[in-house]
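Summary of structural features
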Amino acid sequence: MKKENYISIKTFCERHEVGESFVYSMYEYEILQVEQEKDEGMLHVEDLPLLEKMVRLHNELDINPEGLQAIYHLLCQVENLQEEVASLKKKLDTLE
């Protein structure tokens with residue numbers, strides 16, 4: 001595991017003023033991955049925008065972890081549908 005690709009959960013929580021339990025609940029609800037290094041939880045930097053979005057939804061709209069999991073899965077479905085529409089548009093353009 002390359003250290004430059006990860007940030008500690010403790011550092012993330014201090015900067016975003018959230019408890020570590022929130023981050024671990026996002027892991028439990030399969031929203032992000034947590035790696036362990038020397039008894040310290042680490043987050044991959046690619047997961048940070050998603051986690052920051054979940055923190056905002058939780059803080060600003062008071063959405064609980066179960067609701068965040070539902071939102072995450074719906075966002076994934078929307079993204080997949082957008083990719084499918086783009087692919088179908090590309091196919092349609094080739095037929096015209």
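Whatever comes next refers back to the structure up there.
Keep in mind that what you see is a predicted model, and the values were worked out from it rather than measured. (Residues numbered from 1 in each chain as written. Predicted model: local features only at pLDDT ≥ 70, side-chain atom pairs only at ≥ 80, totals over all residues. Heavy atoms only, no water.)

A short note on the nonpolar core
Using the following cut-off: By convention a nonpolar core is built from buried Ala, Val, Leu, Ile, Met, Phe, Trp, Tyr and Cys residues, the set being connected through side-chain atoms within 4.5 Å. Each residue gets one of three labels from its accessible area relative to the maximum for its type: buried under 20%, exposed over 50%, partly exposed in between, using a 1.4 Å probe on protein chains only. Helix numbering and strand numbering both begin at the N terminus, where a helix is a DSSP run of H or I of at least 4 residues and a strand a DSSP run of E of at least 2. Should any heavy atoms of two residues lie within 4.5 Å, those residues are counted as being in contact.
Phe-12, Met-26, Leu-43, Leu-51, Met-54 and Leu-68 are the most contacted members of the largest nonpolar core, which has 20 residues in total. For this core, the secondary structure elements donating two or more residues are α1 (9-16), α2 (20-28), α3 (48-61) and α4 (65-95). No other element matches α3, which puts 5 residues into this core. Those residues within four positions of Leu-43 in sequence are excluded, and the remaining contacts are Asn-5, Tyr-6, Ile-7, Ile-9, Phe-12, Val-23, Leu-32, Gln-33, Val-34, Leu-48 and Leu-51.

Side note on the layout of surface pockets
To be explicit about the condition: Any residue with an atom within 4 Å of a point lines the site, the site being either a cavity, points on a 1 Å grid over the protein atoms alone where a 1.4 Å probe fits but cannot get out, or a pocket, an open set with protein on both sides within 12 Å along at least 5 of 7 lines. Grid points are joined across faces, edges and corners, and a volume is the space filled by probe spheres set on the points. Only Asp, Glu, Lys and Arg are considered charged, only Ala, Val, Leu, Ile, Met, Phe, Trp, Tyr, Cys and Pro nonpolar, and every remaining residue, Gly among them, polar.
The volume enclosed by the largest pocket comes to roughly 200 Å³. Lining the largest pocket are Leu-50, Lys-53, Tyr-72, Leu-75, Cys-76, Val-78, Glu-79, Asn-80 and Gln-82. Looking at the lining of the largest pocket, the elements that each hand over two or more residues are α3 and α4. The greatest single-element share of the lining of the largest pocket, amounting to 7 residues, is contributed by α4. When grouped by side-chain class, the residues that make up the lining of the largest pocket number 5 nonpolar, 2 polar and 2 charged.

Digging into the side chain of Ser-8
Spelled out, the test is: Pairs of N or O atoms are called polar contacts if they sit within 3.5 Å, as long as, within protein, a hydrogen donor faces a hydrogen acceptor (for residues adjacent in sequence, only side-chain-to-side-chain pairs).
Locating Ser-8 in the fold gives a position in strand β1 (residues 6-8). In this structure the side chain of Ser-8 is engaged in a polar contact, spanning 3.4 Å, whose partner is the side chain of Glu-40. When sequence neighbours within four positions are dropped, the list of residues in contact with Ser-8 reads Glu-40, Gly-41 and Met-42.

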